[in-house]
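Now for the letters of each chain:
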Amino acid sequence: MRREVIVFLIVGSLTVLLDFLTYRSLVLYELFEIDFAKGIGFLTGTVFAYFANRLWTFKYNSVATGAVWRFVVVYLISLSVNIKLNAIVLAWLADMSTSIQWAFLIATAASTILNFLGMKLFVFRAAPCWRLS
């Protein structure tokens with residue numbers, strides 16, 4: 001599990017970087033309103049995270065086990081928490097010049113914890129071993 005946590009954090013760091021760069025670019029160039037931009041950034045990172053975590057973090061090579069739909073469920077929950085928490089922190093720290101950075105970091109930390117637990121316990125869990133005696 002130690003290896004999984006370390007690799008998950010590396011993948012997560014790359015995912016967060018991709019999320020943040022997408023989010024900040026969309027906001028900076030005023031292409032989308034802030035909540036929508038946050039969602040697009042998060043989803044961009046999500047596509048990367050699925051494949052990197054599946055193949056590298058959890059070494060999950062199973063094909064027909066429903067991992068994709070379980071991943072979607074975990075990420076939809078995490079996305080909702082991420083966007084809502086981002087908005088709450090932005091409102092709370094509205095007068096700070098670094099409010100976007102703090103909101104991003106807090107929302108990302110919460111969704112990281114949810115994602116690891118969801119992927120470890122629900123998405124890429126080991127298939128049960130059934131013995132017929």
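In what follows, the structure referred to is the one given above.
For clarity, every value in this text was computed on a predicted model and none was experimentally measured. (Residues numbered from 1 in each chain as written. Predicted model: local features only at pLDDT ≥ 70, side-chain atom pairs only at ≥ 80, totals over all residues. Heavy atoms only, no water.)

Participant: Lay out the pattern of salt bridges with the relevant residues and their values.
Facilitator: In this structure the tally under the stated criterion is two salt bridges. Note that glutamate 4 and lysine 120 form a salt bridge whose closest N and O atoms lie 2.6 Å from each other. On the criterion of sequence distance, the pair formed by glutamate 4 in helix H1 (residues 2-28) and lysine 120 in helix H4 (residues 99-123) is long-range, its members being 116 residues apart. Look at lysine 120 and you get partly exposed, because its relative accessible area is 26%. Residue aspartate 19 pairs with lysine 38 through a salt bridge whose shortest N-O separation is 3.4 Å. Remark: lysine 38 occurs in helix H2 (residues 34-57) and aspartate 19 occurs in helix H1; sequence separation between them is 19 residues. (Salt bridge = Lys/Arg side-chain N within 4 Å of Asp/Glu carboxyl O. Helix = DSSP H or I, 4+ residues; strand = E, 2+ residues; numbered from the N terminus. Buried < 20%, exposed > 50% of the residue type's maximum accessible area, 1.4 Å probe, protein only.)

Participant: Account for the environment of arginine 125, with residues named and values stated.
Facilitator: The residue arginine 125 is located in the segment after H4 in this model. On a C-alpha basis, the gap between arginine 125 and alanine 67 in space is 8.9 Å, while along the polypeptide they are 58 residues apart. In contact with arginine 125, not counting residues within four places along its chain, are Tyr60, Arg70, Met119 and Lys120. (Contact = heavy atoms within 4.5 Å.)

Participant: Go over the packing of H1 against H4, please, and point to the residues and values.
Facilitator: Packing of H1 against H4 leaves a shortest axis separation of 11 Å and a crossing angle of 140°. In terms of axis orientation, H1 runs oblique to H4. By crossing handedness, the relation of H1 to H4 is classed as right-handed. The segment H1 lies against H4, with Glu4, Val5, Phe8, Val16, Asp19, Phe20, Tyr23 and Arg24 engaging Ile100, Phe104, Thr108, Thr112, Asn115, Phe116, Met119 and Lys120. A per-class count over the contact of H1 with H4 returns nine nonpolar, three polar and four charged. (Axes fitted to C-alpha atoms, helices over the stretch in contact; angles between N-to-C directions. Parallel < 35°, antiparallel > 145°, perpendicular 65-115°, else oblique. Left-handed = near helix turned anticlockwise from the far one by under 90°. Nonpolar A, V, L, I, M, F, W, Y, C, P; charged D, E, K, R; others polar.)

Participant: How would you explain the packing of helix H3 (residues 67-92) against H4 if you had to name every residue and give the values?
Facilitator: Following both chains from N to C, one finds H3 and H4 inclined at 155°, their axes separated by 8 Å at the closest point. What the angle tells us is that H3 and H4 run roughly antiparallel. Every pair of crossing elements has a handedness; the one defined by H3 and H4 is right-handed.

Participant: Let's hear about the side chain of serine 111: which residues, and what values?
Facilitator: Among the structural elements, serine 111 can be located in helix H4. Those residues in contact with serine 111 that sit more than four places away from it in its chain are Phe42, Ser78 and Asn82.

Participant: An account of the environment of methionine 1 is requested, with residue identities and associated values reported.
Facilitator: Of note, methionine 1 is situated in the segment before H1. Taking relative accessible area as the criterion, methionine 1 reaches 62% and is therefore assigned exposed. Separated by 52 residues in the primary sequence, methionine 1 and asparagine 53 have C-alpha atoms spaced 13 Å apart. Every residue in contact with methionine 1, bar those within four places of it in the chain, is listed here: Phe116 and Lys120.

Participant: Quick one: what's the story with the packing of aromatic side chains, residue by residue and with numbers?
Facilitator: Scanning the model with the defined rule gives 13 aromatic pairs in all. Plain terms: the ring middles of tryptophan 69 and phenylalanine 122 are 5.8 Å apart, the flat faces sit at 85° to each other, and that makes the pair edge-to-face. In this pair, tryptophan 69 is assigned in helix H3 and phenylalanine 122 in helix H4, connecting sequence segments 53 residues apart. Judged by its relative accessible area of 30%, phenylalanine 122 is partly exposed. The structure contains a cluster of three or more aromatic residues connected by ring pairs, namely Phe8, Phe42, Tyr50, Phe51, Phe58, Tyr60, Phe71, Tyr75, Phe116 and Phe124. Here the guanidinium or amino end of lysine 38 rests over the ring plane of tyrosine 23, the centre of that ring lying 5.4 Å away. (Phe/Tyr/Trp six-rings, centres within 6.5 Å; stacked < 30°, edge-to-face > 60°. Lys NZ or Arg CZ within 6 Å of the ring centre and 35° of its normal.)

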